[in-house]
Amino acid sequence: MFEIIPMTVEHIDGVLAVEEATFSIPWTRKDFEREMTENNLAIYYVAVANGKIVGYAGMWHVITEGHITNVAVLEDYRKQGIGDALMAQLEQVAMEKEMIGITLEVRISNAPAQHLYHKHGYRAEGLRKNYYPDTHEDAVIMWKYTPFYEGQED
């Protein structure tokens, strides 16, 4: 069992462990400290199982939109609904804050992440060429619009 709770500065050590185990170019402690203490746009949650941080997700609330910055779950805890729960939490916040939509970038080769996002209703709407500096891989730009988006199709 796990729970999703708001991230605080006290969670940074656990989040760093997830970050470093997940990403080829991980964010630093300083990056997360800035997100927690200086970035008024930042909204982050952690997934905790048996007192251990096993995943986290974050987004920035920029005017009327959400921009997901990171979603990560430790490999041993994947396929247990944690990624789904983290995404649902961000989407709940987007609805509460009446955002018109949420966007993110994902590696073109990251099929599991794209599957998660598609499952949550995100659609590919563009490409960022050479987005990732380590491999120069392209990123797929994905969007999910909320009912607050006036142009949303029925």
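If you're wondering where the values come from, they're calculated on a predicted model, not measured in any experiment.

Student: For this particular structure, what's the right way to read the overall build of the protein chain?
Tutor: Check the secondary structure of the protein chain and you find four helices and seven strands. Counting helices and strands in the order they occur from the N terminus, the protein chain gives β-α-α-β-β-β-α-β-α-β-β. Since a compact globule built from 154 residues should have a radius of gyration of about 15 Å, the 15 Å found for the protein chain is in line with a globular shape. Projected onto its principal axes, the C-alpha positions of the protein chain cover 40 × 35 × 30 Å. Within the protein chain, counting contacts between residues at least 6 apart in sequence, those at least 24 apart form 57% of the total. Working note: accessible area of the protein chain is about 8,800 Å², and carbon and sulfur atoms make up 50% of it. Charged side chains of the protein chain number 13 positive and 24 negative; the gap between the two group centres comes to 4 Å.

Student: When you look at the pattern of salt bridges in this model, what are you seeing that I'm missing?
Tutor: Any two side chains of opposite charge can pair, so long as their charged atoms come close to each other. In the structure shown here, the tally under the stated rule is nine salt bridges. For D31, the salt bridge identified is with R34, shortest N-O distance 2.8 Å. Placement of both D31 and R34 in helix 2 (residues 29-37) is noted, with a separation of three residues, approximately one turn of the helix. On the basis of relative accessible area, D31 is assigned to the partly exposed category, the value being 22%. We classify R34 as partly exposed; its relative accessible area is 36%. With a closest N to O distance of 3.3 Å, K144 and E91 form a salt bridge. Separated by 53 residues along the polypeptide, K144 in strand 7 (residues 139-145) and E91 in helix 3 (residues 82-96) bring together distant segments of the chain. The structure contains a network of salt bridges with shared partners spanning R107, D134 and E137.

Student: What is the right way to look at the side chain of Q114 in this model?
Tutor: Within the secondary structure, Q114 sits in helix 4 (residues 111-119). Given the relative accessible area of 15%, Q114 is considered buried. Reaching out from Q114, the side chain makes a polar contact with the backbone oxygen of R107 at a distance of 3.1 Å.

Criteria and cut-off values
Counting restarts for each chain, with residues numbered from 1 along the sequence as it is written. Per-residue local features are limited, in this predicted model, to residues with pLDDT of at least 70; the limit for side-chain atom pairs, both in listing and counting, is 80 or more; totals at the level of whole chains, interfaces and linings are taken over all residues. Only hydrogens and water are removed before side-chain values are computed, so all heavy atoms of the structure are retained for them. The way it works is that DSSP assigns letters per residue, a run of H or I at least four long becomes a helix, a run of E at least two long becomes a strand, and they are numbered from the N terminus. The globule rule used here is 2.2 Å times the number of residues to the 0.38 power, and the radius of gyration it is set against is calculated over C-alpha atoms. In this analysis, two residues are considered to be in contact whenever any of their non-hydrogen atoms come within 4.5 Å of each other. A 1.4 Å probe and the Shrake-Rupley method give the accessible areas. Residues count as covered only by the protein chains that appear here. Only four residue types enter the tally: Lys and Arg on the positive side, Asp and Glu on the negative side; His and the chain ends are excluded. Charged groups are reduced to one reference atom each: NZ for lysine, CZ for arginine, CG for aspartic acid, CD for glutamic acid. Put simply, a salt bridge is a Lys or Arg side-chain nitrogen that is within 4 Å of an Asp or Glu carboxyl oxygen. Each residue is placed in one exposure class: buried if its accessible area under a 1.4 Å probe, protein chains only, is under 20% of its type's maximum, exposed if it is over 50%, and partly exposed if it falls in between. Here a polar contact is recorded for every N or O atom pair within 3.5 Å, except that within protein the pair must consist of a potential hydrogen donor and a potential acceptor, and residues adjacent in sequence are included only if both atoms are side-chain atoms.

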